[in-house]
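Okay, here's what each chain looks like letter by letter:
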Amino acid sequence: MARPKAPDYEQHRARILELAVEAFARNGFPNASMASLANDCGASKAALYHYFPSKEALLFEALAMALVTHMPVAAAARLIGEHDTRLWRVVFHYVEAA
């Protein structure tokens, strides 16, 4: 039986996301590794992987959250597909909304 989520799961996840975005901005996405992101977030790599399967997942989550605040939810819902397709849609919708 799977362990239930901790009551503060979403708060930890949101904090990791916030700190990872700051690390991406400071160091650049290509220079980030899960190890360096874990260090920047004050977490272990295992903890980071518990909340996000990859640095790309962190990036897409951050972009999705930013877009939802800048464009209609209906447009954000269309951001489903493969990573490369999603990235182009994210960029297109973000530029269109700006």
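The rules behind each value
Residues numbered from 1 in each chain as written. Predicted model: local features only at pLDDT ≥ 70, side-chain atom pairs only at ≥ 80, totals over all residues. Heavy atoms only, no water. Phe/Tyr/Trp six-rings, centres within 6.5 Å; stacked < 30°, edge-to-face > 60°. Helix = DSSP H or I, 4+ residues; strand = E, 2+ residues; numbered from the N terminus. Core = buried A, V, L, I, M, F, W, Y, C linked by side-chain atoms within 4.5 Å. Buried < 20%, exposed > 50% of the residue type's maximum accessible area, 1.4 Å probe, protein only. Contact = heavy atoms within 4.5 Å. Arc of directions from axis to C-beta.

### What about the packing of aromatic side chains?
Okay, step 1: Under the counting rule described, the total for this entry stands at two aromatic pairs.
Okay, step 2: Aromatic pair Y9 and Y51: ring centres 4.9 Å apart, planes at 40°, arrangement tilted. One end of the pair, Y9, is in helix α1 (residues 9–27); the other, Y51, is in helix α3 (residues 45–51), and 42 residues separate them in sequence.

### Brief notes about the nonpolar core
Okay, step 1: Core analysis: the biggest nonpolar cluster contains 17 residues, and I16, L37, C41, L48, F52 and L58 have the highest contact counts within it.
Okay, step 2: The set of elements that each furnish at least two residues to this core consists of α1, α2 (34–41), α3 and α4 (55–70).
Okay, step 3: With sequence-adjacent residues up to four places away left out, F52 is seen in contact with R13, I16, L17, M34, A57, L58 and E61.

### Here we look at α2
Every α-helical turn comprises 3.6 residues, leaving residues that sit three or four positions apart pointing alike.
Okay, step 1: Of all the residues in α2, the buried ones are M34, L37, A38 and C41. Taken around the axis of α2, the buried residues stretch over an arc of 100°, which confines them to a single face.
Okay, step 2: G42, located one to two residues past α2, shows a positive phi value of around 65°.

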